[in-house]
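# Commentary on secondary and tertiary structure
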Amino acid sequence: MNDTQKFDLLKMAFEKLLLTGILGMAGAIFGVLMERYKSALKKQEELSKIMIPEIKSMLEDEEGLFNAGVGAIRVLEQQALSQTYDISSNPSHGATTSRTEQP
């Protein structure tokens, strides 16, 4: 084997070693990223176990407040309608007119 062939053989071995090292590092980086991803998913899952029931409870409370508000508006509407009916049937009830007499 001459020097050129030895150099080519050494060059090919070095290239293979370099490629193996790069692939190993890429695999390690990928592994670390996957572990971080799994960790983030686990944290998100734990957080959702806490937050989802709390959000659901808040929505139920808000629904109760909404229904109470709708009921109050209906009562006020009925009162307004009954007063309007009373005023239209009996003009002296409700509104008063004032006259000022001039000398």
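The following refers to the structure shown. (Residues numbered from 1 in each chain as written. Predicted model: local features only at pLDDT ≥ 70, side-chain atom pairs only at ≥ 80, totals over all residues. Heavy atoms only, no water.)

## Overview of the overall build of the protein
When helices and strands are counted, the protein shows one helix and zero strands. For the protein, the residues scored as buried account for 0% of the 103 residues in total. (Helix = DSSP H or I, 4+ residues; strand = E, 2+ residues; numbered from the N terminus. Buried < 20%, exposed > 50% of the residue type's maximum accessible area, 1.4 Å probe, protein only.)

## Digging into a negative patch on the surface
A surface patch of negative charge is lined by Glu60, Asp61, Glu62 and Glu63. Its place among the elements puts Asp61 in helix α1 (residues 3-89). (Patch = residues over 30% accessible without salt bridge, like charges linked within 9 Å, V, L, I, M, F, W, Y side chains within 5 Å. Areas by Shrake-Rupley, 256 points an atom, 1.4 Å probe, with all protein chains shown as cover. Salt bridge = Lys/Arg side-chain N within 4 Å of Asp/Glu carboxyl O. Lys, Arg positive; Asp, Glu negative; His and termini not counted. Charge placed at Lys NZ, Arg CZ, Asp CG, Glu CD.)

## Considering a nonpolar patch on the surface
A contiguous nonpolar patch, built from Leu47, Ile50, Met51, Ile55 and Leu59 and spanning about 480 Å² of accessible area, is present on the exposed surface. Here Ile50 is to be found in helix α1.

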